[in-house]
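Understanding the architecture of this molecule
Below, each chain spelled out in residue letters.
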Amino acid sequence: GDEGGEAAAGAAGALERQRSEAKKFNITVVQVNRQPTFTLSRTRFFVRADSGQQLFDAAAEAIDPGSPAEAAQQLTFVLTALEMGSGAATWNASSFFSQRPSLSAQGSLTFE
């Protein structure tokens, strides 16, 4: 058999004919999407049981929508209840509330 002789050279020549010449071009990145950020004013909110609706203004602070081009977008916070324990002793933190916690776009926390 032929070990890299004329058949291999023929295939390499066919590949060479299929290549195009190098082209230069510029890529300009005009904007980078930055994720929104915020800080919590504190990590725990204590209230007495059955004390009614609670409002904590500025629970979220330094709310930044991301890049300046996204400043007009409406931010929303999604709060998720924790599930604790395991097996028969599992409980969901949402069972403690008659009104589930919510955080407004301005950073106010409400719950009951």
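Residues numbered from 1 in each chain as written. Predicted model: local features only at pLDDT ≥ 70, side-chain atom pairs only at ≥ 80, totals over all residues. Heavy atoms only, no water.

Moving on, we get to the overall build of the chain. A count of helices and strands for the chain gives one helix and seven strands. Listing each helix as α and each strand as β along the chain from the N terminus yields α-β-β-β-β-β-β-β. Within the chain, counting contacts between residues at least 6 apart in sequence, those at least 24 apart form 54% of the total. When the accessible surface of the chain is totalled, it reaches about 9500 Å², and 53% of it is carbon and sulfur. (Helix = DSSP H or I, 4+ residues; strand = E, 2+ residues; numbered from the N terminus. Contact = heavy atoms within 4.5 Å. Areas by Shrake-Rupley, 256 points an atom, 1.4 Å probe, with all protein chains shown as cover.)

The next subject is a nonpolar patch on the surface. The grouping of Leu 82, Met 84, Trp 91, Phe 96 and Phe 97 at the surface amounts to a nonpolar patch, some 520 Å² of accessible area in total. One can find Met 84 in strand E4 (residues 83–84). (Patch = residues over 30% accessible without salt bridge, like charges linked within 9 Å, V, L, I, M, F, W, Y side chains within 5 Å. Salt bridge = Lys/Arg side-chain N within 4 Å of Asp/Glu carboxyl O.)

Here the idea is simple: oppositely charged side chains can pair when their charged atoms come close. As enumerated under the stated definition, the model contains one salt bridge in all. Here Arg 34 and Asp 64 are joined by a salt bridge, their closest N and O atoms 3.7 Å apart. Here Arg 34 is found in the loop between helix H1 (6–18) and strand E1 (37–40), whereas its partner Asp 64 is found in strand E3 (residues 60–64), with 30 residues between them in sequence.

Time to look at unusual backbone geometry. Notably, Ala 58 is not glycine yet its phi reads approximately 55°, a positive angle. Within the secondary structure, Ala 58 sits in the loop between strand E2 (54–56) and E3. Unusually for a residue other than glycine, Ala 62 sits at a positive phi of about 50°. With respect to the element layout, Ala 62 can be found in strand E3. We classify Ala 62 as exposed; its relative accessible area is 59%. (Buried < 20%, exposed > 50% of the residue type's maximum accessible area, 1.4 Å probe, protein only.)

A separate point is the confidence of the model for the chain. Do not read the predicted coordinates in detail wherever pLDDT is low. When pLDDT is averaged along the chain, the result is 82; 85% of the residues meet or exceed 70. When the elements of the chain are averaged for pLDDT, H1 gives the smallest value, 59, and E2 the largest, 96. (pLDDT = per-residue confidence, 0-100.)

A probe matching the size of a water molecule, rolled over the atoms, marks out where space remains unfilled. In this structure, the largest pocket spans a volume of roughly 990 Å³. Phe 45, Phe 97, Pro 101, Leu 109 and Phe 111 are, among the 32 residues lining the largest pocket, the residues nearest its centre. Among the secondary structure elements, those contributing two or more residues to the lining of the largest pocket are E1 and strand E7 (109–111). Partitioning the lining of the largest pocket into residue classes produces 20 nonpolar, six polar and six charged. (1 Å grid on protein atoms, 1.4 Å probe; cavity = no way out; pocket = protein on both sides within 12 Å on 5 of 7 lines; lining within 4 Å. Points joined across faces, edges and corners; volume = space filled by probe spheres on them. Nonpolar A, V, L, I, M, F, W, Y, C, P; charged D, E, K, R; others polar.)

Residue placement: Leu 79 occurs in the loop between E3 and E4. As a C-alpha pair, Leu 79 and Ser 102 span 23 residues in sequence and 6.6 Å in three-dimensional space. Among residues more than four places away in sequence, those in contact with Leu 79 are Pro 101, Ser 102, Leu 103 and Leu 109.

A sheet is described by the order of its strands in space; here three strands give the open sequence E2-E7-E6, paired in antiparallel fashion. The open sheet has two edge strands with one neighbour each: E2 and strand E6 (102–103). In this structure, E2 lies alongside E7, joined through three bridges in antiparallel fashion. Residue Leu 55 lies in a different strand from E7, and its bridge partner there is Thr 110. (Pairing = 2+ DSSP bridges.)

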